[in-house]
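Below are the chains, spelled out letter by letter.
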Protein chains: 2
Amino acid sequence: MADLTDLPRRSVWHGWGDPAHVKPLPTGGWPLLKFLGGVEPAARETPPVALEDVRLPAVRLTDSARAALAAVVGDEHVSTEHLDRVEHAGGKSYPDLHRLRTGDGSRAPDAVVFPGTSREVSELLAACVEHEVAVVPFGGGTSVVGGVDPVRGRFAAVISLDLRRLNAVTRVDPVSQTAVVQAGARGPEAEAVFQRYDLTLGHFPQSYQQATIGGYLVTRSAGQASSGYGRFEENVVSVTMATPTGDVVLGGRTPANQTAAGPKLLDVVIGSEGLLGVVTEATVQLARRPVIEHQETWALRDTETGFAAFRGLAQELGHGIMPDVSRLSDHNETTTVMAQAGIPGMAGMGLMRARGWRDPALAVFQFEAEDKATLKFRRKRLAALLKRHGAVRMTDSIAEHWMGGRFRGPYQRDHLMDRGVFVETVETATTWDNLQHLHDRVQAAIAESMGRVWVQCHISHLGDGGASLYYTVLASGESDPIAQWERVKTAAGTAMIEAGGTITHHHAVGTDHRRWIGTEIGDGGIRILRAIKAELDPTGILNPGKLLPEEGDRG
Amino acid sequence: MADLTDLPRRSVWHGWGDPAHVKPLPTGGWPLLKFLGGVEPAARETPPVALEDVRLPAVRLTDSARAALAAVVGDEHVSTEHLDRVEHAGGKSYPDLHRLRTGDGSRAPDAVVFPGTSREVSELLAACVEHEVAVVPFGGGTSVVGGVDPVRGRFAAVISLDLRRLNAVTRVDPVSQTAVVQAGARGPEAEAVFQRYDLTLGHFPQSYQQATIGGYLVTRSAGQASSGYGRFEENVVSVTMATPTGDVVLGGRTPANQTAAGPKLLDVVIGSEGLLGVVTEATVQLARRPVIEHQETWALRDTETGFAAFRGLAQELGHGIMPDVSRLSDHNETTTVMAQAGIPGMAGMGLMRARGWRDPALAVFQFEAEDKATLKFRRKRLAALLKRHGAVRMTDSIAEHWMGGRFRGPYQRDHLMDRGVFVETVETATTWDNLQHLHDRVQAAIAESMGRVWVQCHISHLGDGGASLYYTVLASGESDPIAQWERVKTAAGTAMIEAGGTITHHHAVGTDHRRWIGTEIGDGGIRILRAIKAELDPTGILNPGKLLPEEGDRG
């Protein structure tokens, strides 16, 4: 877990993270992509424009509005600098990055404001109501669904409210194993404190290095080890949220799910994507930090067999016994994971072919345990179950290789975009009975929308009732990459909804999924959300254009 | 688990259940109660009045309102019969029962309506809006906090909407292990169907035999095995709720907690106590039915040591390894449990005394498992942990005796009320760091409010962050039992809130806890609830006088 407290520098404006971490494809990567999906780099490289060449609109914040913001946080914490505006012009979705890389900064906020206390956040919201300024809360900025795009809605001006100065862990209670954390603390910042107490949040999404506690909370984030530690939402004990109509404080008298005092209103705030208020602080449930980690790799005859085995993991072994991370690659993803694993991967492919498995599915697991006896028992149960499904053990190094690179995937996107390649990830979830159907429908819809394309998928986040599907899509870039993105996004999203899945397992809704939210949560759901929004943010300054459908749309 | 599909006849109007199940105290019970807490039966028995002597107010339903209700469900399903009105005059709280037993039926509804379909429920609500009739949804009627009391609020008439005809399990999916259940199905009715598929809901609160799926849902019920199967709220996949402004359908595309498509709005319905709508159907997550059950009994030096050991169970062993039921009695409850266990109990007390333990704490556990190897492993981990805390193994028969009688407690209340004894249970929960403080404060507050009294407590429903406390209070009856009840209820509730606990772990809010809800969930929480209520039930016909504080109260 050593890598879990490394705090890399904040994301560069034109990519996922520190450009020094961006690595080219391994040897053979390009020929393989061409062979598998006809994916080829553009004739010319397509690097981002120079920072100064990103075109920004004029600042539309009035002098009186700016003065009001500065009166709250100090002039030095209200920025209209070019770099700050560019860095807050979007999140890390493919279209967000594509626009900036090509010099289109038209969505940049008019200013970026950096409050230093919860109270300043409350006061900023009051000032923004008074001056009719839209507010976009900004944590790590890793949204891949447009969640932090500075949409101004009906307002003349829009600011990004960057919470990076609110990054303290203000209390750790080793008895109840809880911690009070400010919303702007990034994953590794918080985890470094927890680990001093031999505790962990156990929340490690792919965005872990950049994303913040507040971001996890308002997007209903799920970490890779959600089978072990639960989703972020399951570990929220209390929350403080500044709203334009006063602070809202919920929870705290009991751990999560230990009260019957009315509806669990924490779940109104969790997943609210900045539309109801700005979360400034949360108390989170921690767990004992495991002292043993163990990865192992197995292969199954095909994806269908793998689905059945994974359902068994969740329903027969269950929480506490099944691995903390379980991930099954469909045969396409199996091909690329094995190729990336080098010689052990090639040997593994050979082994599977020798068995006559034409479309094998790779499974990687991670156990986290406090003692060897428990690990041994859990591994034995896993092995027995997998063997019943005809699985074959592979070298552990494949899983170790995957685990070692688990935060690196998005960096590779930067490299691919430099080479003009289209790359997107989409994710969904459904019940076990519907999983194969959903998998096939989404896969087919993406392929149909794209012509030659490489689509690979894995299943993870196992629960008693179902699991998630996560697709990576690669194709040669077209002349209009935004149109290309729109086409695949529409095809995938429509297929998810029509095939009975959710529009998002853990990426949230943002701008990109809002057209489907009315179908997913129904008129009743939309009415409930709008009623709460009207109560807490009656003027509608908070994060316009996200989550809720536009008035008049279905829902 | 044989007893889990027995469906006893519906509760008698003047007590918990079938009077044939009411047993007197075991031999020595009265002397023991007198010795321990000065609890003595009244000079004369205090049986309930005859049914025909319960005084009911005149029916205030207008002819046109009655006709409108009958037009929806048929005349035979709109009842103004004496027995129906008496049976729906309240739930099963001490004051509810005391009033009826003494002939006070003043709270009875004007009519009881029995819809046969979800659609009829929707149509009834529309009719009630039109005719200005308040509606009290009624499931098993086991509320001990006034949750089904027919409060009419500002309306001239009030009906009880009894869901008993909506009692079908309409679908079981053995792949996803889910079931669609109508709201009025009682626990054993639903469980009998689940068990045909070797599945179980695993939800066994003390009210299990009478309470319904809809009741579990709207009260955020917690079953005795919540450490194993989770609270009811954790197993809700989707819900259909009729409201005066249209049906609301939420969830269903994924299992619980497998989507990030906005806030988890299921949690607005769960715990809403009939104020937002009438839940007519829910999809619930089931689990594989265990084939092995094993109980065991341990004793710890004192309650404080027990608290530490139980915290270890939750935090070190955790979900999946720790027992599915863990229950620690404080030294008062230990005394009565051991006394009830007969000779093995007496032997156990002797054993503890021989060790010099003056205030021992009894711990009973239940494991549910699919195979012997897992049970063995879990038991070994339990034993190792308990021994580190100096625990001593007792005969399993004590735990088996407790488990065998786990639904019987409330029947005993009927016997005690027949003898004029005051009896009440109150419950709370908090974080581990605050548990001892809360325990002591509530215990002291009850004692101070009552003079001579017997108060015993157990800790259960363990989670990573905390646990619940459940008190049983016994005292000689005073001349005004309602005033006596009010005094202890006020003392206990105020102590819970002041000492940082929740006003209710699983009994819900109803009429009896609403004065504290504003303090517990804050102004923000009250505003959110009122906004949703105004959206879904703008005329306020649904369950007046429950959950929300009266307008003008704090909150």
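As the structure is a computational prediction, the values presented were derived from the model and not from experiment. (Residues numbered from 1 in each chain as written. Chains lettered and ligands numbered in written order. Predicted model: local features only at pLDDT ≥ 70, side-chain atom pairs only at ≥ 80, totals over all residues. Heavy atoms only, no water.)

Concerning the sheet that holds strand β10 (residues 278–285) of chain B
Residues and elements named next belong to chain B. Quick reminder of the rule: Strands were regarded as paired on the criterion that DSSP finds at least two bridges between them. Going along the chain from the N terminus, every DSSP run of H or I of four or more residues is numbered as a helix, and every run of E of two or more is numbered as a strand. Every axis corresponds to a line fitted to the C-alpha atoms, with the helix fit spanning only the stretch in contact, and the corresponding angles, defined between N-to-C directions, vary from 0 to 180 degrees. By definition in these notes, contact holds between two residues if any of their heavy atoms fall within 4.5 Å.
Strands sit in the order β5-β6-β10-β8-β9 across an open sheet of 5 strands; the sheet is antiparallel. Edge positions in the sheet fall to β5 (169–173) and β9 (248–251), since each has one partner strand and no second. Ignoring strand direction, the axes of neighbouring strands in this sheet form an average angle of 10 degrees. One ladder, built from 4 bridges, connects strand β8 (residues 236–242) with β9; its direction is antiparallel. For Val239, the partnering residue across the bridge sits in β9 and is Leu250. The sheet contacts of helix α6 (residues 187–196) involve β5, β6 (178–182) and β10, and relative to β5 the element is tilted by about 35 degrees.

Examining the interface of chain A and chain B
Let me state the cut-off plainly: Summed over both partners, the accessible area (1.4 Å probe) lost when two parts come together is defined as the buried area. When a carboxyl oxygen of Asp or Glu is within 4 Å of a side-chain nitrogen of Lys or Arg, the pair counts as a salt bridge. Any pair of N or O atoms that falls within 3.5 Å is considered a polar contact. Within protein, one atom must be able to donate a hydrogen and the other to accept it, and sequence-neighbouring residues count only if both atoms are side-chain atoms. Gly is placed with the polar residues, together with every amino acid not listed as nonpolar (Ala, Val, Leu, Ile, Met, Phe, Trp, Tyr, Cys and Pro) or charged (Asp, Glu, Lys and Arg).
Facing the 86 residues of chain A at the interface are 86 residues of chain B. Taken over both partners, the interface formed by chain A and chain B buries close to 6700 Å², and the fraction arising from carbon and sulfur atoms is 55%. Inspection of the region where chain A meets chain B yields 6 salt bridges. Across the chain A-chain B interface, the total number found is 48 residue pairs in polar contact (both at pLDDT 80 or more). When residues in the side of chain A that touches chain B are grouped by element, the largest group, 13 residues, is from helix α18 (residues 514–536) of chain A. Grouping the amino acids of the side of chain A that touches chain B by side-chain chemistry returns 33 nonpolar, 32 polar and 21 charged.

Here's the deal with the pattern of salt bridges
Defined as follows: Exposed residues in this analysis have more than 50% of their type's maximum accessible area, buried residues have under 20%, and partly exposed residues fall in between, with area computed by a 1.4 Å probe over protein chains only.
This model, assessed by the stated rule, comprises 56 salt bridges over all chains. A salt bridge links Arg66(A) to Asp75(A); its shortest N-O distance comes to 3.9 Å. According to the relative accessible area criterion, Arg66(A) is partly exposed, its value standing at 24%. Note that Lys264(B) is salt-bridged to Asp267(B), the shortest N-O span being 3.6 Å. Side by side, Lys264(B) and Asp267(B) carry an identical accessibility label, which is buried.

Re the packing of helix α4 (residues 94–101) of chain A against helix α17 (residues 481–498) of chain A
Residue and element names in this part refer to chain A. Applied cut-off: Working definition: roughly parallel below 35 degrees, roughly antiparallel above 145 degrees, roughly perpendicular at 65 to 115 degrees, and oblique for all remaining angles.
The contact between α4 and α17 brings their axes to 10 Å, and the two run at 175 degrees. Overall, the two elements α4 and α17 adopt an arrangement that is roughly antiparallel. Facing Tyr94, Pro95 and His98 of α4, the residues of α17 in contact are Pro481, Ile482 and Trp485. Of the residues in the contact of α4 with α17, the class split is 5 nonpolar, 1 polar and no charged.

A few points about the UniProt feature "domain: FAD-binding PCMH-type" (unreviewed entry) in chain A
For clarity, the threshold we go by: UniProt positions are given in the numbering used here, feature names are shortened, and annotations may be inferred rather than shown by experiment.
When the UniProt feature table is mapped to this numbering, "domain: FAD-binding PCMH-type" (unreviewed entry) covers residues 105–289 of chain A. Helix makes up 21% of residues 105–289 of chain A and strand 26%, and the two end C-alpha atoms of the span are 43 Å apart.

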